[in-house]
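Working through the structure, step by step
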Amino acid sequence: MRFFSKLGWALGVSALAASGASFPASAETMSGALSRAYSNNPDINQQRAAVRARDEQVPTAKAGWLPHASGNLNAGRQVSEISNLFGQGGNTKYGAFPRGSGAQVTETVFDGMRTANSVGQAESSVLQARETMRETEITTLQAGATAYMDVLRDTAVLGLRANNIKVLEVQLQQTRDRFQVGEVTRTDVAQAESSLATGRADYAVAQSQLETSVANYRRQIGVPPKQLQPAQPIEKLLARTVDSAILTGLEENPTILGALHQVDAAQAAVKVAEGALLPTATVQGQVLQTNDTSGFPNYNQWSVSVVGAINVPLYQGGAEYAGVRQAKETLGQARLAVDSQRIAVRAAVASAWGQLQAARAQIISFQAAVRASEVALNGVREEAKVGQRTTLDVLNAQQTLLNSRVQLVTAQHDRVVASYAVMAAEGRLTAEGLGLGVVAYNPDIHYQQTKNRFIGLDTPDGH
């Protein structure tokens, strides 16, 4: 049982401790690490900004319902010369400074429902972007959990490799002592030296792997690992059966929901394209003021007009028809994408579920293997003392025990990682689903602030 106490210690220390670096006394938990990732990971924050940018498509589409107003000013210099047609005098010249101003307002009364369908398309696009954001959050949290467990696993493995070197050093010294008194041969010494050299090489590999995991942890979480506390699998949060997990994934996975919103947007795009074939009706109001026009000083003119117009498209080269056909093909593509995502989610859930079950079984088997290897090693050592076993037998037994311990550590790591993978495939690996102590990002706040905002350059947060 001494091994399990050592294993518990190894899984509770940080990578920095294993490398000999100093660190604060505070410890990090899985929940705390994932909370950091949820709040600070640049991939998540980038996607949140993308959703806010997508929100602006809604007021852009609604602009088709609002009037378009413009004003104009003009000024210049004009010289006119009028000839006397009746020969009663010379030519008359006039100099003037013509200038004018005006305003024009145009309101679309009917546009073939293009604006209404464009608004629907924009709203579906916003919902699709939100699902993409949720997918990014799930992916980031899963990557953060995996990075956390990788550091724990590699720290434990490094500790086991270091302990193995100490054991092999003692074994080598004992073998050399026995060689001096003639109990063993030079071959036994060489075998012990070879095992120690191999153990040191394995330690170097384990140290390199730990450094890689530490770097990945920092990339995902945003800070270096401190004292990482042992983490437990989240099996209590999962569906009880693989069929239930698959059903949950088909209902809640963001890749499927996002693909469904993309179908809605594609359907609206077809209606927008068809609207180009329908008549449009507009009303235009115009006010103009001109002074000193036509070369006559002090000549002023006002004009006010209200004009209604109906435009009926007859044939314009076939571009509109091609646009409709293209939109329909895009709709078909979006529907096929939904089927593809459903197949992918079903496979992801089943795969992660299988990995979780395998890790559970492996833990039981490797625990038994560790216990048996410990008994076998003790027996081989005692038998070697009376000459019934060789040094190679002892070294092989020691290596078998080490391998079983490393396999057990890896299986414990795989169980936790697989449990997070199942929840991610279900589409429920979110801050709310995990119960993280963070304020959940609500994309609807920005949407409500912008959906009917038709003037102003500043974003709601003041940028």
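See the structure printed just above.
Residues numbered from 1 in each chain as written. Predicted model: local features only at pLDDT ≥ 70, side-chain atom pairs only at ≥ 80, totals over all residues. Heavy atoms only, no water.

1. Re the overall build of the protein
Broken down by element type, the protein carries 13 helices and 8 strands. For the protein, the proportion of its 463 residues judged to be buried stands at 38%. The long-range fraction of contacts in the protein, counting pairs at least 24 apart against all pairs at least 6 apart in sequence, stands at 82%. Only carbon and sulfur atoms are counted for the fraction: they give 54% of the accessible area of the protein, which is about 25100 Å². (Helix = DSSP H or I, 4+ residues; strand = E, 2+ residues; numbered from the N terminus. Buried < 20%, exposed > 50% of the residue type's maximum accessible area, 1.4 Å probe, protein only. Contact = heavy atoms within 4.5 Å. Areas by Shrake-Rupley, 256 points an atom, 1.4 Å probe, with all protein chains shown as cover.)

2. Thoughts on the packing of aromatic side chains
If you walk through the whole model with that rule in mind, you get 1 aromatic pair. Aromatic side chains Tyr-148 and Tyr-217 sit 6.3 Å apart centroid to centroid with 45 degrees between the ring planes, which places their arrangement in the tilted category. Highlighted residues: Tyr-148 in helix H6 (residues 114-180) and Tyr-217 in helix H7 (residues 186-221), separated in sequence by 69 residues. Relative accessible area serves as the criterion here: at 0%, Tyr-217 is assigned to the buried category. Over the face of the ring belonging to Tyr-38 we find Arg-48, whose NZ or CZ atom lies 4.7 Å from the ring centre. Here the basic side chain of Arg-130 rests over the ring of Tyr-447, its NZ or CZ set 5.4 Å away from the ring centre. (Phe/Tyr/Trp six-rings, centres within 6.5 Å; stacked < 30°, edge-to-face > 60°. Lys NZ or Arg CZ within 6 Å of the ring centre and 35° of its normal.)

3. Focus: the packing of helix H3 (residues 30-40) against H7
Close contact between H3 and H7 brings their axes to 8 Å; oriented N to C, the two are set at 55 degrees. Our classification of the angle between H3 and H7 gives oblique. Touching Ala-33, Arg-36 and Ala-37 of H3 are Tyr-217, Gln-220 and Ile-221, all from H7. A per-class count over the contact of H3 with H7 returns 4 nonpolar, 1 polar and 1 charged. (Axes fitted to C-alpha atoms, helices over the stretch in contact; angles between N-to-C directions. Parallel < 35°, antiparallel > 145°, perpendicular 65-115°, else oblique. Nonpolar A, V, L, I, M, F, W, Y, C, P; charged D, E, K, R; others polar.)

4. A few points about the pattern of salt bridges
A full pass over the atoms with the stated rule returns 18 salt bridges. Salt-bridge contacts for Glu-382 lead to Lys-385; the nearest nitrogen and oxygen are separated by 3.5 Å. Residue Glu-382 and its partner Lys-385 are located together in helix H10 (residues 319-385), separated by 3 residues, close to a single helical turn. For Glu-382, a relative accessible area of 48% gives the class partly exposed. Relative accessible area serves as the criterion here: at 60%, Lys-385 is assigned to the exposed category. (Salt bridge = Lys/Arg side-chain N within 4 Å of Asp/Glu carboxyl O.)

5. A few points about the packing of H6 against helix H9 (residues 254-275)
When two helices pack together, you describe them by how their axes are tilted relative to each other and by the distance separating the axes. The interhelical angle for the contact between H6 and H9, taken along N-to-C directions, is 160 degrees, at an axis separation of 8 Å. When the axes of H6 and H9 are compared, the pair comes out roughly antiparallel. H6 and H9 meet at a crossing whose hand is left-handed. Its residues placed into classes, the contact of H6 with H9 shows 8 nonpolar, 12 polar and 6 charged. (Left-handed = near helix turned anticlockwise from the far one by under 90°.)

6. Re H10
What sets the pattern is the α-helix's 3.6 residues per turn: residues three or four places apart point alike. Between its terminal C-alpha atoms H10 stretches 93 Å, which fits the 99 Å expected from 67 residues at 1.5 Å a residue. Backbone geometry just downstream of H10 places Gly-387 in the positive-phi region, at approximately 85 degrees. (Expected span 1.5 Å × (residues − 1).)

7. So, a nonpolar patch on the surface
Together, Val-109, Phe-110, Met-113, Leu-278, Val-283 and Val-306 make up a nonpolar patch on the protein surface, roughly 540 Å² of accessible area in all. Here Phe-110 is to be found in strand E5 (residues 99-110). For Phe-110, a relative accessible area of 35% puts it in the partly exposed group. (Patch = residues over 30% accessible without salt bridge, like charges linked within 9 Å, V, L, I, M, F, W, Y side chains within 5 Å.)

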